[in-house]
Amino acid sequence: MTYGVSLARQTYNFFVSVGFGFALGIVYDVFFIIRNTLSKRKWVTVACDSVFTVLASVLSFLLLLVITDGQVRAYVIFGELTGFFIYYFSLGVFIVRLCDRITRVIRTVYLFFKKIILSVFKVISFPFIKIFSFFRRIFKKIYEKSRKNVKKIVKKSKYHLQVDGALLYNQRVYKGSVAKGDTRYRKGRKKYRDKKASKKE
């Protein structure tokens, strides 16, 4: 009697695992449609397959906790694979054929809502953009005006550097200095005195 109950329970668990595998097949096609909608690049396919593998593993573990108290049974795993391949070679074939149409519908809906969201965003952000551009013009005028004022102050200043015909490293020459006999020094010194005299006049 106990053996009969155990067999009935195993049969029930097997059919539950078959239905669970069938559901995993549907989830797999959902990921298939998502990756075709987003992009057909290799990294998108790898990412979707990785997420599906992790999700299927977690759900299978939860299924084992519910029907076998966490014990790994071969017939449960076999039932999941059976259900998955039943879906894959039956309803999955039609889903793959309809995938292009489904992708087009999803892209159309996505572009429609994208246009609506962008339009709403433009309407909301319009006054902020105007305010920003207004303050930007004001700060730009202030900056240009202050820059011109600084240039004028620098030109009028008595202490700013002036260009000279000769560069003198030291205008004071002590007795016995070699620079006294240098013609470049004498010419530069003469120009400096002439400029100083002309300024006094």
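Per-chain numbering applies: the sequence of each chain, read as written, is numbered from 1 onward. Two thresholds apply to this predicted model, a pLDDT of at least 70 for residue-level local features and 80 or more for giving and counting side-chain atom pairs, whereas whole-chain, interface and lining totals are computed over all residues. Side-chain numbers here rest on the full set of heavy atoms in the structure, without hydrogens or water.

As for the packing of helix 2 (residues 42-67) against helix 3 (residues 74-88)
Stage number 1. Only the contacting stretch of a helix is used when fitting its axis, a line to C-alpha atoms as for every element, and angles between N-to-C directions run 0 to 180 degrees. Each helix corresponds to a stretch of at least 4 residues labelled H or I by DSSP, and each strand to a stretch of at least 2 residues labelled E; elements are numbered beginning at the N terminus. Closest axis-to-axis distance for the helix 2/helix 3 pair is 11 Å, and the angle between their directions is 130 degrees. On the basis of their axis angle, the class for helix 2 and helix 3 is oblique. The handedness of the crossing between helix 2 and helix 3 is right-handed. Mapping the contact onto sequence places Phe52, Ser60, Leu63, Leu64 and Ile67 in helix 2 and Val76, Glu80 and Phe84 in helix 3.
Stage number 2. Residue polarity follows a fixed list, in which Ala, Val, Leu, Ile, Met, Phe, Trp, Tyr, Cys and Pro are nonpolar, Asp, Glu, Lys and Arg are charged, and the others, Gly among them, are polar. A class-by-class count of the residues in the contact of helix 2 with helix 3 yields six nonpolar, one polar and one charged. Geometric relationships in this document are graded by angle, where less than 35 degrees denotes roughly parallel, more than 145 denotes roughly antiparallel, 65 to 115 denotes roughly perpendicular, and other angles denote oblique. Two helices cross in a left-handed way if the nearer one is turned anticlockwise from the farther one by less than a right angle. They cross in a right-handed way if the turn is clockwise. Here a residue-residue contact requires only that any non-hydrogen atoms of the pair lie within 4.5 Å.

Here's the deal with the environment of Ser60
Stage number 1. Examined against the element boundaries, Ser60 turns out to sit in helix 2.
Stage number 2. The buried category is assigned to Ser60, whose relative accessible area is 15%.
Stage number 3. Considered as a pair, Ser60 and Ser17 are 43 residues apart in the sequence and their alpha carbons are 8.9 Å apart.
Stage number 4. Polar contacts here mean pairs of N or O atoms no more than 3.5 Å apart (in protein, one a potential hydrogen donor and the other a potential acceptor; neighbouring residues in sequence count only if both atoms are side-chain atoms). At 2.7 Å, the side chain of Ser60 and the backbone oxygen of Ala56 are in polar contact. Summary of the burial criterion: residues with accessible area below 20% of their type's maximum are buried, those above 50% are exposed, and those between are partly exposed, where the area comes from a 1.4 Å probe applied to protein chains only.

As for the side chain of Asn13
Stage number 1. Within the fold, Asn13 resides in helix 1 (residues 2-38).
Stage number 2. Given a relative accessible area of 2%, Asn13 falls into the buried group.
Stage number 3. A polar contact of 3.4 Å, which involves the side chain of Asn13, links it to the backbone oxygen of Ile67.
Stage number 4. A polar contact is formed between the side chain of Asn13 and the side chain of Tyr75, at a distance of 3.4 Å.
Stage number 5. Excluding anything up to four places from it in sequence, Asn13 contacts Ile67, Thr68 and Tyr75.

A short note on the nonpolar core
Stage number 1. As used here, the term nonpolar core means buried Ala, Val, Leu, Ile, Met, Phe, Trp, Tyr and Cys residues forming a set that is joined through side-chain atoms within 4.5 Å. Within the largest apolar cluster, 12 residues are counted, these being Phe20, Leu24, Phe31, Val44, Cys48, Phe52, Ala56, Leu63, Leu64, Ile67, Val76 and Phe84.
Stage number 2. Broken down by secondary-structure element, the contributors of at least two residues to this core are helix 1, helix 2 and helix 3.
Stage number 3. Tallying contributions element by element places helix 2 first for this core, with seven residues.
Stage number 4. Once residues lying within four places of it in the same chain are set aside, the contact partners of Cys48 are Phe31 and Arg35.

As for the packing of aromatic side chains
Stage number 1. Here is the rule: rings of Phe, Tyr and Trp (six-membered ring for Trp) pair when centre to centre is within 6.5 Å. Planes less than 30 degrees apart are stacked, more than 60 are edge-to-face, and the remainder are tilted. Counted according to the given criterion, the structure contains 12 aromatic pairs.
Stage number 2. Measuring from ring centre to ring centre gives 6.1 Å for Phe31 and Phe52, while their planes differ by 65 degrees; the resulting arrangement is edge-to-face. Residue Phe31 is located in helix 1, and its partner Phe52 is located in helix 2; the two are separated by 21 residues in the primary sequence.
Stage number 3. Taking relative accessible area as the criterion, Phe31 reaches 15% and is therefore assigned buried.
Stage number 4. Chaining the aromatic ring pairs together yields one cluster made of Tyr28, Phe31, Phe52, Phe84, Phe85, Tyr88 and Phe89.

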